[in-house]
Amino acid sequence: MTDTLLATPLDALHRRLGARMVPFAGYALPVQYPSGILAEHAQCRSRAALFDVSHMGQVLVEGPGAAEALQRATPSDLCSLRPGRQRYALLTTDSGGILDDAMIARLADDRFLLVLNAARKTLDVARLRALLPGAVAVTPLDDRALVALQGPASEAVMLRAGAAEAARLPFLGVAETRVAGLPALVSRSGYTGEDGFEISVASEDAVALAEALLADADVAPAGLGARDSLRLEAGLCLYGNDIDETTSPVEAGLGWTIGKRRRLAWDFPGAERIRGELENGPARLRVGILPEGRQPARAGTAVLAADGTPVGVVTSGGFGPTVGGPVAIGFVATGFARDFTPLELSLRDRLVPARVHTLPFVPHRYRRNTRIG
Amino acid sequence: MSEMKFTKDHEWIRLDGDVATVGITDHAQTALGDVVFVDLPEVGRIVSAGEACAVVESVKAASDIYAPISGKVVEVNHALADNPGLVNASPLVDGWFFRLEPSDAAQLEALMDETAYAAYLETL
């Protein structure tokens, strides 16, 4: 650990907007602005919120056979990913755990952009360099910023920011285009369950981009606090909380990220454990947990069966502002993973009833179809 | 109505007749952010000065609330169950947590007055 926190290119802007800055994965980042987490959360669900996610790793993987090469690190079927499209993928360890989760965009036949977790990016790059052939270059783009514009008004905001091409992207589409006149790499994706865009620009353009978007009456800044409550309601995993090197893709309910063709060859890291779990079922599963009452169940809360037997643990939990009550994600023994299974949560000095709840808690509202015109 | 006193843990307490009302300060509610749940002590519980006897949860985290002085809990603010946001909106009035019958009202003298608390906040 170092004492010095890294600053994103938007650091001064956050402070000017009155953000409360906190350390996160080695960076100083806004946890909230003066309006507060509940208002920022509501802003994202009702209009549009702008998040600085410049701490995340942006890594270019480029060279002949880049798709086949990248498949050495992930069970994702990247050969079938079309240029101009993006996919959620897992990097796996040799023992079948999750090294990191990532958004992988195919920019061209032999050119991919990975967006990685800040706390994992150094490890990921070392892993990729060790696994990929020398002709495929792994290049961290340390001179780029990344912002996420999220919420139902995002498309209209992009149109008003002169980003018509980006506004036409389908869900998980990617384009090298312009936003507010600035060269940008845009994907239609995010981490909130809402329609939205992630916009990568050169660091020196970050403030101009953020100011242009924030000038729109439908946009307000949002911090890590709202980002966490939004992704929790959307049932999305947080690396380090819900998934890590000990959890497998199957246990985490992320088996869908394993490509069909990859299940014929079983040629990815950790295939032995993952294949065994796919064929025989895992010992535990990630589930949504809805506590009764209003008390949030935080990460680490013990999960018990109705008869008091310990069956699992909460890995992410808090208050869901859109749900209007506590929500949690956790792991339970497979026999207790079915929807509506009654559970008990050990909260401080008492047991609180809960039940397994389908994920997400709040339905995703992604843009599914290409818009014409 | 007597003077409001303050603890280093950012509770306030005010003695009115035989009963003292306890809450958290404006500084505390600002630091916590949006309050979404308050866990209050049971009426009748005997608490000692410094004892954790309530919990306040914001969107991000949970914090213990400590009894500023010793005594018996005689009333809790049921309005917080349905509207925990009162702690943010009105920390010193409507957002009170519980009321105590002090076992030794003289313990109040050891707490900070408003001027001392303001000076204490400056040191943080």
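Residues numbered from 1 in each chain as written. Chains lettered and ligands numbered in written order. Predicted model: local features only at pLDDT ≥ 70, side-chain atom pairs only at ≥ 80, totals over all residues.

This brings us to the overall build of chain A. Helices and strands together make up the secondary structure of chain A, namely 10 helices and 20 strands. Over its C-alpha atoms chain A spans a radius of gyration of 20 Å, differing by no more than 12% from the 21 Å that the globule rule assigns to 373 residues. Overall, chain A is about 60 × 50 × 50 Å in size when its C-alpha atoms are taken along their principal axes. A buried classification covers 54% of the 373 residues belonging to chain A. Within chain A, counting contacts between residues at least 6 apart in sequence, those at least 24 apart form 67% of the total. (Helix = DSSP H or I, 4+ residues; strand = E, 2+ residues; numbered from the N terminus. Rg over C-alpha atoms; globule rule 2.2 N^0.38 Å. Buried ≥ 20, exposed ≤ 12 C-beta atoms within 10 Å, placed from the backbone. Contact = placed C-beta atoms within 7 Å.)

The next thing to look at is the nonpolar core. Residues and elements named next belong to chain A. If you look at the biggest cluster of nonpolar residues, it comprises 134 residues, and the most contacted ones within it are Val-147, Val-179, Leu-209 and Ile-289. If one sorts the elements of this core by residue count, strand 7 (residues 98-108) sits on top with seven residues. Both domains that furnish three or more residues to this core are identified here as domain 1 (1-281) and domain 2 (283-357). Residues in contact with Leu-209, not counting those within four places in the same chain, are Val-147, Val-179, Ala-180, Leu-182, Ile-199 and Val-201. (Core = buried A, V, L, I, M, F, W, Y, C linked by C-beta atoms within 7 Å. Domains from an automatic or database assignment.)

Residue and element names in this part refer to chain B. One open sheet accounts for six strands, arranged 1-2-3-9-8-5; its pairing is antiparallel. Bordering the open sheet on either side are strand 1 (4-6) and strand 5 (46-47), each of which pairs with just one other strand. In terms of strand pairing, strand 3 (residues 19-24) meets strand 9 (residues 98-102) through three bridges, oriented antiparallel. Bridging across to strand 9, Ala-20 finds its partner in Leu-100. (Pairing = 2+ DSSP bridges.)

Attention now moves to unusual backbone geometry. Residue and element names in this part refer to chain A. The amide bond that connects Leu-359 to the next residue, Pro-360, takes the cis arrangement and shows omega of 0°. Locating Pro-360 in the fold gives a position in the segment after strand 20 (350-357). You will see that Ala-25, though not glycine, has its phi angle at about 50°, which is positive. Relative to the elements of secondary structure, Ala-25 occurs in the loop between strand 2 (20-24) and strand 3 (27-32). Taking the C-beta count within 10 Å as the criterion, Ala-25 has 17 such neighbours and is therefore assigned partly exposed. Although it is not a glycine, Phe-340 adopts a positive phi angle of roughly 75°.

All names here are of chain A. As assigned here, chain A comprises domain 1 (1-281) and domain 2 (283-357). Look at where the C-alpha atoms of domain 1 and domain 2 centre, and you get two points 28 Å apart. Tallying the contact residues gives 15 residues for domain 1 and 17 residues for domain 2. Of all the secondary-structure elements, those providing two or more residues to the side of domain 1 that touches domain 2 are helix 2 (37-46) and helix 8 (224-233).

Opposite the nine residues of chain B that make contact, chain A presents 12 residues. Examining the composition of the side of chain B that touches chain A, we find that three residues originate from one element, strand 4 (residues 35-39) of chain B, more than from any other. In terms of residue class, the side of chain B that touches chain A is built from four nonpolar, one polar and four charged. (Nonpolar A, V, L, I, M, F, W, Y, C, P; charged D, E, K, R; others polar.)

All names here are of chain A. The element strand 17 (residues 310-320) is extensively covered by neighbouring structure, given that nine of its 11 residues are classed as buried. Of the pairings in the sheet, the one linking strand 16 (residues 302-305) to strand 17 comprises three bridges and is antiparallel in character. Opposite Ala-302, over in strand 17, you have Val-313 as the bridge partner. Pairing geometry for strand 17 and strand 18 (residues 325-333), over eight bridges, is antiparallel. Looking across to strand 18, one finds that Gly-312 is bridged to Val-332. Where strand 17 folds back on strand 18, the antiparallel hairpin that results is connected by four residues, among which Gly-324 adopts a positive phi of roughly 85°.

All names here are of chain A. Of note, Ala-163 is situated in the loop between helix 5 (154-160) and helix 6 (164-167). When the C-alpha positions of Ala-163 and Thr-177 are compared, they lie 7.7 Å apart, and in sequence the two are 14 residues distant. What Ala-163 contacts, discounting residues up to four positions off in sequence, is Met-158, Thr-177, Arg-178, Val-179 and Val-186.

Residues and elements named next belong to chain A. Taken in spatial order, the six strands line up as 15-18-17-16-19-20 and close into a barrel, and their pairing is antiparallel. On average, each strand axis in the sheet is inclined to that of its neighbour by 40°, with strand direction left out of account. Direction of pairing for strand 16 relative to strand 19 (residues 342-347): antiparallel, over a ladder of four bridges. Looking at strand 19, one finds that Ala-305 is bridged to Leu-343. Of the strands in this sheet, strand 17 and strand 18 are in contact with helix 8, which crosses strand 17 at around 125°. (Axes fitted to C-alpha atoms, helices over the stretch in contact; angles between N-to-C directions.)

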